[in-house]
Amino acid sequence: MTEIETPYANINELADYFRVSVSTLRMWIRSGKIPADSYIRLGVVYRFRIADVEAALTAVSKEAQEEASKTEGG
């Protein structure tokens with residue numbers, strides 16, 4: 001059987017990519033750190049676009065750093 005390349009990764013592949021647990025990813029989904037437009041959900045199955053998830057997490061990280069620098073400086 002031929003393997004089909006897809007821009008989507010399952011939750012286990014995403015966990016491996018970011019080196020976090022699946023439960024951490026689920027928490028990030030619930031909290032909105034991973035936005036709904038970066039994945040497809042079919043029932044209980046998720047398929048993620050890694051580049052979109054990475055961009056969203058980078059944005060969240062930058063916001064947290066900016067907020068931390070405001071509280072340290074002010």
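The structure contained in this document is the topic of the report that follows.

As a further point, take the sheet that holds strand 2 (residues 39-42). As summarised here, the arrangement of the three strands in space is 1-3-2, forming an open sheet in which the pairing is antiparallel. In this open sheet, the two edge strands, each paired with only one partner strand, are strand 1 (8-9) and strand 2. As defined by bridge partners, strand 1 adjoins strand 3 (residues 45-49) across two bridges and the pair is classed as antiparallel. Across the sheet, Ala9 pairs through a bridge with Phe48, a residue of strand 3.

If you check the backbone angles, Arg19 has positive phi at about 55° while not being a glycine. Here Arg19 lies in the loop between helix 1 (11-18) and helix 2 (22-31). Overall, the relative accessible area of 77% leaves Arg19 in the exposed class.

Further remarks concern the pattern of salt bridges. A complete count under the given rule lists one salt bridge for this structure. Where Asp52 meets Arg49, a salt bridge forms, and the shortest distance between an N and an O atom there is 2.5 Å.

About the cut-offs
- Residues numbered from 1 in each chain as written.
- Predicted model: local features only at pLDDT ≥ 70, side-chain atom pairs only at ≥ 80, totals over all residues.
- Heavy atoms only, no water.
- Pairing = 2+ DSSP bridges.
- Helix = DSSP H or I, 4+ residues; strand = E, 2+ residues; numbered from the N terminus.
- Buried < 20%, exposed > 50% of the residue type's maximum accessible area, 1.4 Å probe, protein only.
- Salt bridge = Lys/Arg side-chain N within 4 Å of Asp/Glu carboxyl O.

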